[in-house]
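What follows is the residue order along each chain.
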Amino acid sequence: MPWFDGGHADPWDHVESAMGLSIGGEYPAAERAYYWLRDSQLPDGSWWAAYRAGEVDNRERRETNFVAYIATGVWHHYLISGNRAFLKSMWPCVQRAMEFVVGQQSAHGEINWAVDADGKPMVDALVTGCASIYKSLECAWNISVTLGEPRKDWCKARHKLGEAMRHKPERFDRTWESKARYSMDWFYPVLTGVIPTAKASAHLQKRWGEFVEAGMGCRCVSDEPWVTVAESCELTMALLAAGDHARAVTVYSWLHQWRESNGEYWTGYQFVEDLLWPDERPTWTAAAILLAADALTEYTPAHHLFKEVRLLPDPWEAESRETEASERYRG
(Lines give C-alpha, C1' and ligand atoms only; values in the text may rest on other atoms or scores of the structure.)
Protein backbone atom coordinates (compact mmCIF):
# COMPACT_ATOMS: atom_id res chain seq x y z
CA MET A 1 0.00 0.00 0.00
CA PRO A 2 1.67 3.21 -1.13
CA TRP A 3 1.46 6.41 0.88
CA PHE A 4 -0.93 7.76 -1.75
CA ASP A 5 -1.76 7.14 -5.41
CA GLY A 6 1.48 7.08 -7.36
CA GLY A 7 3.62 7.25 -4.23
CA HIS A 8 6.07 4.82 -2.72
CA ALA A 9 5.48 2.25 0.02
CA ASP A 10 7.80 1.36 2.87
CA PRO A 11 7.51 -1.76 5.05
CA TRP A 12 6.70 0.09 8.29
CA ASP A 13 3.92 2.29 6.91
CA HIS A 14 2.60 -0.61 4.83
CA VAL A 15 2.11 -2.58 8.07
CA GLU A 16 0.55 0.44 9.78
CA SER A 17 -1.96 0.69 6.93
CA ALA A 18 -2.69 -3.03 7.13
CA MET A 19 -3.51 -2.60 10.83
CA GLY A 20 -6.02 0.05 9.85
CA LEU A 21 -7.65 -2.44 7.49
CA SER A 22 -7.90 -5.01 10.29
CA ILE A 23 -9.62 -2.51 12.58
CA GLY A 24 -12.07 -1.72 9.77
CA GLY A 25 -12.96 -5.39 9.38
CA GLU A 26 -11.25 -5.68 5.99
CA TYR A 27 -9.59 -8.97 6.92
CA PRO A 28 -8.91 -10.37 3.41
CA ALA A 29 -7.35 -7.09 2.30
CA ALA A 30 -5.18 -6.91 5.44
CA GLU A 31 -4.02 -10.48 4.93
CA ARG A 32 -3.12 -9.76 1.30
CA ALA A 33 -0.98 -6.89 2.56
CA TYR A 34 0.92 -9.20 4.90
CA TYR A 35 1.23 -11.89 2.25
CA TRP A 36 2.80 -9.33 -0.06
CA LEU A 37 5.49 -8.76 2.56
CA ARG A 38 5.93 -12.50 3.02
CA ASP A 39 6.35 -13.02 -0.72
CA SER A 40 8.76 -10.11 -1.21
CA GLN A 41 10.96 -10.84 1.82
CA LEU A 42 14.67 -11.01 1.07
CA PRO A 43 16.69 -14.15 1.92
CA ASP A 44 18.18 -12.52 5.03
CA GLY A 45 14.69 -11.74 6.40
CA SER A 46 14.65 -8.04 5.55
CA TRP A 47 12.98 -5.68 3.08
CA TRP A 48 14.34 -2.73 1.19
CA ALA A 49 13.55 0.75 2.45
CA ALA A 50 10.97 1.55 -0.25
CA TYR A 51 8.92 0.04 -3.07
CA ARG A 52 6.91 1.57 -5.88
CA ALA A 53 4.32 -0.26 -7.98
CA GLY A 54 5.62 -3.55 -6.58
CA GLU A 55 9.24 -2.89 -7.52
CA VAL A 56 12.17 -1.88 -5.30
CA ASP A 57 12.43 1.92 -5.17
CA ASN A 58 15.28 2.30 -2.67
CA ARG A 59 18.17 -0.18 -2.56
CA GLU A 60 20.38 1.96 -0.35
CA ARG A 61 19.51 0.28 2.96
CA ARG A 62 17.25 -2.03 4.98
CA GLU A 63 16.03 -0.52 8.25
CA THR A 64 15.68 -2.70 11.32
CA ASN A 65 12.57 -1.06 12.76
CA PHE A 66 10.87 -1.36 9.36
CA VAL A 67 11.67 -5.08 9.31
CA ALA A 68 10.62 -5.76 12.90
CA TYR A 69 7.19 -4.14 12.51
CA ILE A 70 5.85 -7.17 10.66
CA ALA A 71 5.56 -8.91 14.06
CA THR A 72 3.45 -6.08 15.48
CA GLY A 73 1.13 -6.12 12.50
CA VAL A 74 0.73 -9.89 12.35
CA TRP A 75 -0.01 -10.14 16.08
CA HIS A 76 -2.46 -7.22 15.82
CA HIS A 77 -4.35 -8.93 13.01
CA TYR A 78 -4.49 -12.21 14.91
CA LEU A 79 -5.84 -10.49 18.03
CA ILE A 80 -8.66 -9.01 15.98
CA SER A 81 -9.43 -11.82 13.55
CA GLY A 82 -8.56 -14.89 15.61
CA ASN A 83 -7.29 -16.42 12.36
CA ARG A 84 -4.78 -19.02 13.54
CA ALA A 85 -4.18 -20.29 10.01
CA PHE A 86 -3.02 -16.79 9.05
CA LEU A 87 -0.73 -16.66 12.09
CA LYS A 88 0.84 -20.00 11.20
CA SER A 89 1.27 -19.01 7.54
CA MET A 90 3.14 -15.83 8.57
CA TRP A 91 5.29 -17.50 11.25
CA PRO A 92 8.31 -18.32 9.01
CA CYS A 93 8.28 -14.75 7.70
CA VAL A 94 8.17 -13.31 11.23
CA GLN A 95 10.98 -15.61 12.35
CA ARG A 96 13.27 -14.55 9.51
CA ALA A 97 12.50 -10.87 10.07
CA MET A 98 13.23 -11.01 13.80
CA GLU A 99 16.43 -12.99 13.23
CA PHE A 100 17.62 -10.20 10.95
CA VAL A 101 16.77 -7.56 13.55
CA VAL A 102 18.22 -9.34 16.58
CA GLY A 103 21.35 -9.98 14.53
CA GLN A 104 21.96 -6.22 14.55
CA GLN A 105 21.96 -5.94 18.35
CA SER A 106 25.22 -4.88 19.97
CA ALA A 107 26.66 -6.22 23.20
CA HIS A 108 25.38 -3.02 24.86
CA GLY A 109 21.76 -3.79 23.92
CA GLU A 110 20.90 -1.19 21.30
CA ILE A 111 20.08 -2.28 17.74
CA ASN A 112 21.71 -0.80 14.64
CA TRP A 113 19.24 1.29 12.69
CA ALA A 114 20.00 -0.26 9.28
CA VAL A 115 22.32 -2.20 7.00
CA ASP A 116 23.55 -0.77 3.71
CA ALA A 117 23.04 -2.11 0.20
CA ASP A 118 25.75 -4.72 0.74
CA GLY A 119 24.41 -5.83 4.12
CA LYS A 120 27.07 -3.97 6.11
CA PRO A 121 25.75 -2.66 9.46
CA MET A 122 25.16 1.09 9.65
CA VAL A 123 26.39 1.33 13.20
CA ASP A 124 24.29 3.67 15.30
CA ALA A 125 20.89 3.51 16.96
CA LEU A 126 17.69 5.55 16.90
CA VAL A 127 15.57 6.05 20.02
CA THR A 128 12.28 5.92 18.12
CA GLY A 129 13.37 3.01 15.93
CA CYS A 130 14.55 0.95 18.90
CA ALA A 131 11.38 1.75 20.84
CA SER A 132 9.32 0.43 17.94
CA ILE A 133 11.48 -2.71 17.84
CA TYR A 134 10.90 -3.16 21.59
CA LYS A 135 7.15 -3.46 20.97
CA SER A 136 7.75 -5.74 17.97
CA LEU A 137 9.83 -8.09 20.12
CA GLU A 138 6.92 -8.29 22.58
CA CYS A 139 4.56 -9.18 19.73
CA ALA A 140 7.00 -11.66 18.19
CA TRP A 141 7.35 -13.43 21.54
CA ASN A 142 3.57 -13.64 21.87
CA ILE A 143 3.29 -15.15 18.38
CA SER A 144 5.94 -17.73 19.24
CA VAL A 145 4.18 -18.72 22.48
CA THR A 146 0.78 -18.91 20.78
CA LEU A 147 2.21 -21.28 18.17
CA GLY A 148 3.96 -23.43 20.79
CA GLU A 149 7.49 -22.41 19.77
CA PRO A 150 8.57 -19.90 22.44
CA ARG A 151 11.69 -17.96 21.49
CA LYS A 152 13.42 -17.07 24.73
CA ASP A 153 16.24 -15.43 22.81
CA TRP A 154 13.77 -12.76 21.66
CA CYS A 155 12.76 -12.10 25.27
CA LYS A 156 16.43 -11.73 26.18
CA ALA A 157 17.02 -9.37 23.26
CA ARG A 158 14.01 -7.31 24.32
CA HIS A 159 15.29 -7.11 27.90
CA LYS A 160 18.74 -5.98 26.76
CA LEU A 161 17.22 -3.40 24.44
CA GLY A 162 15.01 -1.99 27.20
CA GLU A 163 17.96 -1.74 29.55
CA ALA A 164 19.96 0.13 26.92
CA MET A 165 17.12 2.56 26.25
CA ARG A 166 16.50 3.26 29.92
CA HIS A 167 20.08 3.38 31.19
CA LYS A 168 22.50 3.88 28.29
CA PRO A 169 21.48 7.07 26.44
CA GLU A 170 25.03 7.42 25.17
CA ARG A 171 24.44 4.43 22.86
CA PHE A 172 22.00 6.43 20.73
CA ASP A 173 22.66 9.21 18.18
CA ARG A 174 26.41 8.61 18.41
CA THR A 175 27.35 9.56 14.86
CA TRP A 176 24.81 12.27 14.02
CA GLU A 177 23.11 15.19 15.70
CA SER A 178 20.70 14.24 18.47
CA LYS A 179 17.14 13.61 17.29
CA ALA A 180 15.64 14.73 20.61
CA ARG A 181 13.91 17.57 18.75
CA TYR A 182 11.57 14.97 17.23
CA SER A 183 8.43 14.38 19.25
CA MET A 184 8.57 10.64 18.57
CA ASP A 185 11.80 10.39 20.58
CA TRP A 186 9.82 11.92 23.44
CA PHE A 187 6.67 9.77 23.45
CA TYR A 188 7.63 6.51 21.68
CA PRO A 189 9.32 5.01 24.76
CA VAL A 190 5.98 5.46 26.56
CA LEU A 191 3.90 4.22 23.61
CA THR A 192 5.87 0.98 23.33
CA GLY A 193 6.33 0.18 27.02
CA VAL A 194 10.02 1.03 27.40
CA ILE A 195 9.03 3.54 30.10
CA PRO A 196 6.67 1.84 32.59
CA THR A 197 3.26 3.28 33.40
CA ALA A 198 4.38 4.45 36.83
CA LYS A 199 6.89 6.84 35.27
CA ALA A 200 5.14 7.58 31.98
CA SER A 201 3.00 10.52 33.00
CA ALA A 202 5.91 12.45 34.50
CA HIS A 203 8.00 11.69 31.41
CA LEU A 204 5.36 13.13 29.07
CA GLN A 205 4.77 16.17 31.26
CA LYS A 206 8.43 17.23 31.08
CA ARG A 207 8.28 18.24 27.41
CA TRP A 208 4.54 18.76 26.93
CA GLY A 209 4.97 22.49 26.36
CA GLU A 210 7.61 21.93 23.68
CA PHE A 211 5.55 19.66 21.50
CA VAL A 212 1.82 20.17 22.04
CA GLU A 213 -0.13 23.03 20.47
CA ALA A 214 -3.52 23.43 22.13
CA GLY A 215 -6.41 23.07 19.73
CA MET A 216 -4.19 21.66 16.97
CA GLY A 217 -2.08 18.65 17.92
CA CYS A 218 1.47 17.45 18.42
CA ARG A 219 4.42 18.98 16.60
CA CYS A 220 6.62 16.71 14.53
CA VAL A 221 9.71 18.57 15.74
CA SER A 222 9.97 21.05 18.59
CA ASP A 223 11.53 23.85 16.55
CA GLU A 224 9.07 23.96 13.62
CA PRO A 225 5.47 25.28 13.70
CA TRP A 226 4.04 22.10 12.21
CA VAL A 227 1.59 19.73 13.87
CA THR A 228 1.10 16.30 12.33
CA VAL A 229 -1.88 14.01 12.58
CA ALA A 230 -0.03 10.67 12.86
CA GLU A 231 2.22 11.87 15.69
CA SER A 232 -0.84 13.29 17.45
CA CYS A 233 -2.57 9.91 17.20
CA GLU A 234 0.46 8.14 18.61
CA LEU A 235 0.66 10.69 21.42
CA THR A 236 -3.01 9.95 22.12
CA MET A 237 -2.14 6.28 22.63
CA ALA A 238 0.95 7.16 24.68
CA LEU A 239 -1.27 9.22 26.98
CA LEU A 240 -3.56 6.22 27.39
CA ALA A 241 -0.51 4.09 28.21
CA ALA A 242 0.37 6.66 30.86
CA GLY A 243 -3.13 6.50 32.34
CA ASP A 244 -4.07 10.01 31.19
CA HIS A 245 -7.39 9.29 29.48
CA ALA A 246 -8.69 12.86 29.71
CA ARG A 247 -5.80 14.41 27.81
CA ALA A 248 -5.84 11.55 25.31
CA VAL A 249 -9.45 12.36 24.46
CA THR A 250 -8.63 16.06 24.21
CA VAL A 251 -5.68 15.62 21.84
CA TYR A 252 -7.63 13.25 19.61
CA SER A 253 -10.59 15.64 19.46
CA TRP A 254 -8.40 18.29 17.80
CA LEU A 255 -7.49 16.16 14.79
CA HIS A 256 -10.71 15.95 12.82
CA GLN A 257 -10.42 19.51 11.55
CA TRP A 258 -7.69 18.07 9.28
CA ARG A 259 -10.11 15.55 7.74
CA GLU A 260 -11.47 15.80 4.21
CA SER A 261 -15.11 14.98 3.41
CA ASN A 262 -14.05 11.65 1.83
CA GLY A 263 -12.46 10.50 5.10
CA GLU A 264 -8.82 11.23 4.25
CA TYR A 265 -6.61 13.09 6.72
CA TRP A 266 -3.89 15.56 5.82
CA THR A 267 -0.36 14.84 7.01
CA GLY A 268 -0.21 18.05 9.00
CA TYR A 269 -0.76 21.77 9.41
CA GLN A 270 1.84 24.57 9.34
CA PHE A 271 0.23 27.01 11.74
CA VAL A 272 2.45 30.07 11.13
CA GLU A 273 1.75 30.04 7.40
CA ASP A 274 -1.80 28.69 7.87
CA LEU A 275 -1.05 25.94 5.40
CA LEU A 276 -1.96 22.27 5.14
CA TRP A 277 1.45 20.76 4.36
CA PRO A 278 2.64 18.73 2.58
CA ASP A 279 0.00 18.21 -0.08
CA GLU A 280 -0.48 14.60 1.01
CA ARG A 281 -3.18 12.55 2.71
CA PRO A 282 -1.31 9.30 3.45
CA THR A 283 -2.77 5.87 3.99
CA TRP A 284 -0.73 5.43 7.16
CA THR A 285 -2.10 8.67 8.64
CA ALA A 286 -5.62 7.29 8.21
CA ALA A 287 -4.43 4.07 9.84
CA ALA A 288 -3.04 6.01 12.81
CA ILE A 289 -6.45 7.66 13.22
CA LEU A 290 -8.05 4.21 13.36
CA LEU A 291 -5.49 2.84 15.83
CA ALA A 292 -6.05 5.78 18.19
CA ALA A 293 -9.84 5.48 17.83
CA ASP A 294 -9.64 1.79 18.68
CA ALA A 295 -7.45 2.47 21.71
CA LEU A 296 -9.93 5.08 22.96
CA THR A 297 -13.15 3.17 22.30
CA GLU A 298 -11.90 -0.41 22.82
CA TYR A 299 -13.65 -1.36 19.58
CA THR A 300 -11.52 -4.41 18.73
CA PRO A 301 -9.77 -7.08 20.82
CA ALA A 302 -6.45 -5.42 19.87
CA HIS A 303 -7.31 -2.08 21.48
CA HIS A 304 -4.77 -2.60 24.26
CA LEU A 305 -1.74 -3.21 22.04
CA PHE A 306 -0.18 0.25 22.36
CA LYS A 307 -1.58 0.95 25.83
CA GLU A 308 -0.16 -2.01 27.74
CA VAL A 309 2.65 -4.51 27.76
CA ARG A 310 1.13 -8.00 27.66
CA LEU A 311 3.81 -10.66 27.47
CA LEU A 312 2.34 -14.14 27.35
CA PRO A 313 3.80 -16.52 29.93
CA ASP A 314 6.17 -19.21 28.77
CA PRO A 315 4.11 -22.43 28.95
CA TRP A 316 7.21 -24.59 29.43
CA GLU A 317 8.34 -22.60 32.45
CA ALA A 318 4.84 -22.75 33.93
CA GLU A 319 4.76 -26.52 33.37
CA SER A 320 8.17 -26.90 35.01
CA ARG A 321 7.02 -24.93 38.06
CA GLU A 322 3.88 -27.05 38.34
CA THR A 323 5.92 -30.26 38.07
CA GLU A 324 8.39 -29.03 40.69
CA ALA A 325 5.57 -28.08 43.05
CA SER A 326 3.88 -31.45 42.53
CA GLU A 327 7.11 -33.31 43.29
CA ARG A 328 7.62 -31.29 46.44
CA TYR A 329 4.07 -32.08 47.49
CA ARG A 330 4.53 -35.82 46.90
CA GLY A 331 7.81 -35.71 48.75
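Below is a summary of the structure that appears in this document. (Residues numbered from 1 in each chain as written. Predicted model: local features only at pLDDT ≥ 70, side-chain atom pairs only at ≥ 80, totals over all residues. Heavy atoms only, no water.)

1. Let's talk about the pairing of strand E2 (residues 55–58)
For strand E1 (residues 50–52) and E2, the ladder comprises three bridges, and the chain directions are antiparallel. Residue pairing in the sheet places Ala-50 in a bridge with Asn-58 of E2. From the end of E1 to the start of E2, which pair antiparallel, there are two residues, and Ala-53 there has a positive phi angle of about 50°. (Pairing = 2+ DSSP bridges. Helix = DSSP H or I, 4+ residues; strand = E, 2+ residues; numbered from the N terminus.)

2. Notes on the packing of aromatic side chains
Under the defined criterion, the tally for this structure stands at 14 aromatic pairs. Each ring, one from Trp-3 and one from Trp-284, has its centre 5.2 Å from the other, and the planes form 75°; the classification is edge-to-face. Of this pair, Trp-3 sits in the segment before helix H1 (11–23) while Trp-284 sits in helix H12 (residues 283–297), placing them 281 residues apart in sequence. A ring pair is formed by Trp-186 and Trp-208, whose centres lie 6.3 Å apart and whose planes are at 70°; its orientation type is edge-to-face. In this pair, Trp-186 is assigned in helix H7 (residues 183–191) and Trp-208 in helix H9 (residues 208–211), connecting sequence segments 22 residues apart. Residue class for Trp-208 comes out buried when judged on its relative accessible area of 15%. The structure contains a cluster of three or more aromatic residues connected by ring pairs, namely Trp-186, Phe-187, Tyr-188, Trp-208 and Phe-211. Over the ring of Tyr-182 we find Arg-181; its NZ or CZ atom is 5.2 Å from the centre of that ring. (Phe/Tyr/Trp six-rings, centres within 6.5 Å; stacked < 30°, edge-to-face > 60°. Buried < 20%, exposed > 50% of the residue type's maximum accessible area, 1.4 Å probe, protein only. Lys NZ or Arg CZ within 6 Å of the ring centre and 35° of its normal.)

3. Section: the packing of H7 against helix H8 (residues 197–206)
Relative orientation of the contacting elements H7 and H8 amounts to 170°, with a least axis distance of 10 Å. Between H7 and H8, the angle falls in the class roughly antiparallel. Residues Trp-186, Phe-187 and Val-190 of H7 touch H8, and the partners they reach there are Ala-200, His-203 and Leu-204. In terms of residue class, the contact of H7 with H8 is made up of five nonpolar, one polar and no charged. (Axes fitted to C-alpha atoms, helices over the stretch in contact; angles between N-to-C directions. Parallel < 35°, antiparallel > 145°, perpendicular 65-115°, else oblique. Contact = heavy atoms within 4.5 Å. Nonpolar A, V, L, I, M, F, W, Y, C, P; charged D, E, K, R; others polar.)

4. Observations regarding the packing of helix H4 (residues 84–102) against helix H5 (residues 127–146)
Where H4 meets H5, the closest approach of the two axes is 10 Å, and the angle between their N-to-C directions is 135°. The angle between the axes of H4 and H5 places the two elements in the oblique class. For the pair H4 and H5, the crossing hand works out as left-handed. Across from Arg-84, Leu-87, Trp-91, Val-94, Met-98, Val-101 and Val-102 in H4, the residues of H5 making contact are Ile-133, Ser-136, Leu-137, Ala-140, Ile-143, Ser-144 and Thr-146. (Left-handed = near helix turned anticlockwise from the far one by under 90°.)

5. A closer look at the sheet that holds strand E6 (residues 212–213)
Read from one edge of the open sheet, five strands run E6-E7-E8-E9-E10, paired in antiparallel fashion. The sheet is open, and its two borders are formed by E6 and strand E10 (275–276), each paired with just one other strand. Pairing between strand E7 (residues 217–219) and strand E8 (residues 226–228): two bridges, direction antiparallel. Within the sheet, the bridge partner assigned to Arg-219 lies in E8 and is Val-227. The sheet contacts of helix H10 (residues 229–241) involve E6, E7 and E8, and relative to E8 the element is tilted by about 60°.

6. Regarding the side chain of Asn-112
Mapped onto the elements of the fold, Asn-112 is located in the loop between H4 and strand E4 (114–116). Exposure remark for Asn-112: the relative accessible area of 9% places this residue in the buried category.

7. Things to note about the state of the cysteines
Applying the stated criterion across every chain yields a total of zero disulfides. Here Cys-139 is not disulfide-linked; the sulfur of Cys-155 is the nearest cysteine sulfur, at 12 Å. Of the residues examined, Cys-139 reaches a relative accessible area of 0% and is grouped as buried. For Cys-233, which is in no disulfide, the shortest distance to another cysteine sulfur is to Cys-218 and amounts to 10 Å. Overall, the relative accessible area of 0% leaves Cys-233 in the buried class. (Disulfide = S-S within 2.5 Å.)

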